[in-house]
Amino acid sequence: MAIKSGEVGRRWAGRVVAAGLSSGVFLLGSTSYVRAAQQRVTAQQAAPTKPAASSVTDTNAYPFQEALDELNGRQNAGPSVPSVSAARTVPAISTQTSVHRSAASGARRAASSSALHLAVMAPPPVPLSPSAEKALLLGDAAKAESAMPEAGTDGRVTYTFGAGLPTVVTSPMHISIVELEPGETLTSEPAIGDSVRWELLPGTSGKGPTLQSLIMVKPHMAGLDTNLVVTTDKRTYYLRLISRENDYMARIGFSYKEDEDAKWSRFVADQQRAETQRENAQVVTPMVGDAIDKLNFDYTIKGGNAVVRPLRVMDDGSKTYITMPEAVLHQDLPALVVENPKIKGEKGQEIVNYRVKGNLYIVDRIFDRAALILGSGKSVTKVEIVRKAALSGGK
């Protein structure tokens, strides 16, 4: 596109030349400079012509048209614009050469800027020790091990806590709720890897011991991938957050293995407690049903110490009941043997059937003489139990 001379062009050229002369140097030759000049002249030619101001320099004194023709390739040579110094002239520069030079200069500036950006934003990686490399591999393997979810109630997706890395899929136009265990409270604000493009909102549900902490998650755009750390008074949660355009999880909950173990422990304890109560009821019921005068408490207890000496011995005519101190539950139990008074020594001792329920010995017979023996040799401890009213036949 060539620039035609005219009144408007002369006025514009006069201003340019005057400004160049006032600054001491006037350079002409940049393609971008010429292109801008052409656009300004075209815009001014399209506008209504105004009378020239008397203060505008007469452009006829400057060969501006010839310089523009040279830059547009319309002439092979032409007079250059005179400079302030007579010994210094501005060489004619072809538009094509200027374009190539400008492109090369732009490429060099872009490469330099890119290299500088990479140098600032991507520092060289820090070398890792063998132990650090192994730890990194183990950490990557742990992150790759995703927990398998299960279907919960009310549309809840349930993860087993500690079984892997839970993944929460979210969407920009929806809110996903992470539900913690009822009664569990947050100890600090949840920490998220990308706090700019993700939004976290706190919430609660219920009250009292059933108060449940909620974390509402919302991404600002799709295609995001970050992590979330939640600390509570019971445990620490590590979650992976992913955002998609339309797919999302409405509610995410957890099941806890330690709670399952505790439930089974309580169940077993309840079963054992119920069994003990049934056995105690079987022991007490017959004695309550029988007449009081059939119960025999007339026993003599000799020897031993406060730990192995019985508190009480009685029988109901068919079984003998020996109540021991509570301290016996925290040490080895003494063995019970029935003694034959006609045979002295160990040969006169007879093993008898009995069972122990807590601190109670239940012997399946009655006897005239028995002994509780703990230990052996010189360290043996022996307690003798003698029924004052001897049995007929010497049992």
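Everything that follows concerns the structure shown earlier in this document.
Residues numbered from 1 in each chain as written. Predicted model: local features only at pLDDT ≥ 70, side-chain atom pairs only at ≥ 80, totals over all residues. Heavy atoms only, no water.

## With respect to the sheet that holds strand 11 (residues 299-303)
Hydrogen bonds between backbone groups are what pair the strands of a sheet, and the pairing can be parallel or antiparallel. Note the cut-off: Only strands joined by at least two bridges in the DSSP assignment are considered to pair. Each helix is a run of H or I in the DSSP string that is no shorter than four residues. Each strand is a run of E no shorter than two, and both are numbered from the N terminus. Axis angles are defined between N-to-C directions and span 0 to 180 degrees, where every axis is a line fitted to C-alpha atoms and, for a helix, only to the segment in contact.
The strand order across the open sheet built from five strands is 11-19-18-14-15, with neighbouring strands paired in antiparallel fashion. At either end of the open sheet lies a strand with only one pairing partner, and these are strand 11 and strand 15 (349-351). Taking each pair of neighbouring strands and ignoring which way they run, the sheet shows an average axis angle of 30°. Pairing of strand 14 (residues 335-339) with strand 18 (residues 369-374), which is carried by four bridges, proceeds in the antiparallel orientation. Residue pairing for strand 18: Val-337 is matched across the bridge by Ala-371.

## A closer look at the pairing of strand 8 (residues 225-231)
Cut-off, in case you're wondering: The buried label applies to any residue whose accessible area, calculated with a 1.4 Å probe on protein chains only, is under 20% of its type's maximum; exposed applies above 50%, and partly exposed to all values in between.
Burial along strand 8 is one-sided: the residues Thr-226, Leu-228 and Val-230 are buried and none of Asp-225, Asn-227, Val-229 and Thr-231 is. Bridge count between strand 5 (residues 191-192) and strand 8: two bridges; the pairing is antiparallel. Within the sheet, the bridge partner assigned to Ile-192 lies in strand 8 and is Leu-228. For strand 8 and strand 9 (residues 236-243), the ladder comprises seven bridges, and the chain directions are antiparallel. Across the sheet, the residue bridging to Thr-226 is Leu-241, located in strand 9. Between strand 8 and strand 9, which pair antiparallel in sequence order, lie four residues.

## Comments concerning the sheet that holds strand 8
On the basis of which strands lie adjacent, the open sheet formed by four strands has the order 3-9-8-5 and mixed pairing. Looking at strand neighbours, the two that pair on one side only are strand 3 (167-170) and strand 5, the edges of this open sheet. Where strand 3 lies against strand 9, four bridges are found, and the strand directions are parallel. The residue bridging Thr-170 from the neighbouring strand is Ser-243, located in strand 9.

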